[in-house]
Amino acid sequence: MKVKICGLNPKRDVQLCIDLKVNYLGFVFYEKSPRNINLADIKILSKYDKKNSAFVAVTVNPTDKFIKKNLSSFDFIQLHGSETNERIKEIKNMGFKIIKAIKVKKDKDIEKYKEFNNSDLILFDTPGMEKSLEFPKNLISKLPLGEKYALAGSISEYNLKNLYKLGVNFFDLSSNLESQLGFKDHHKIKSFINKINE
């Protein structure tokens, strides 16, 4: 199983996640988000020994200028906007791997992932970016299987096993690992990873 934790703080949360062998560490670049990263904190990221973890910049329609100026410490760029498959290719040519987020409300939304074959990973997400909506249960079994496909939306240590039984083995979490909006709870992170490792 793979885990991505989103909305991390570069100072508070990174070393813990690396030590716990979290696969993907997500940092939000979205001004409307309570988890929006302070651009001045990005420099800290280059000082960590990532070991086997990857840093992910979570973005919405990033420009080339923004990417070149701010994202050199990142391995992946996660795209939540109206980026096309061609745009994904352009960003990959700048030296990044890509996670493309697909917002899912209905069955037919799932099929959109086929339009983004230049993407390295696909994230199936709820429509309410960061609004902690639950992913529609009746659609989970219809998602494509494999470690290229991640699921976000009210995942916790309490529904982890049921989701795994439905074929999900790549989990993306954010708000369920917080006790206060925008602040990760280290006890919750440890507890979730312990559950993953059972």
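Residues numbered from 1 in each chain as written. Predicted model: local features only at pLDDT ≥ 70, side-chain atom pairs only at ≥ 80, totals over all residues. Heavy atoms only, no water.

1. Quick notes on the state of the cysteines
Then comes step 1: Applying the stated rule across the entire model yields 0 disulfides.
Then comes step 2: A disulfide-free cysteine, C6 has its sulfur positioned 11 Å from the sulfur of C17, the nearest such atom. (Disulfide = S-S within 2.5 Å.)

2. Thoughts on unusual backbone geometry
Then comes step 1: You will see that K21, though not glycine, has its phi angle at about 65°, which is positive.
Then comes step 2: With respect to the secondary-structure elements, K21 resides in the loop between α1 (14–19) and β2 (24–28).
Then comes step 3: With phi around 55°, K51 is a residue other than glycine that occupies positive phi space.
Then comes step 4: Within the fold, K51 resides in the loop between α2 (42–45) and β3 (54–59).
Then comes step 5: For K51, a relative accessible area of 58% puts it in the exposed group. (Helix = DSSP H or I, 4+ residues; strand = E, 2+ residues; numbered from the N terminus. Buried < 20%, exposed > 50% of the residue type's maximum accessible area, 1.4 Å probe, protein only.)

3. As for the sheet that holds strand β8 (residues 170–173)
Then comes step 1: One closed barrel accounts for 8 strands, arranged β1-β2-β3-β4-β5-β6-β7-β8; its pairing is parallel. Between one strand and the next, the sheet's axes are offset by a mean angle of 25°, whatever the strand orientation.
Then comes step 2: Pairing geometry for β3 and strand β4 (residues 76–79), over 4 bridges, is parallel. Following the sheet pairing, V58 is matched in β4 by Q78.
Then comes step 3: Along the sheet, helix α8 (residues 186–196) makes contact with β1 (2–5) and β8, crossing β1 at roughly 165°. (Pairing = 2+ DSSP bridges. Axes fitted to C-alpha atoms, helices over the stretch in contact; angles between N-to-C directions. Contact = heavy atoms within 4.5 Å.)

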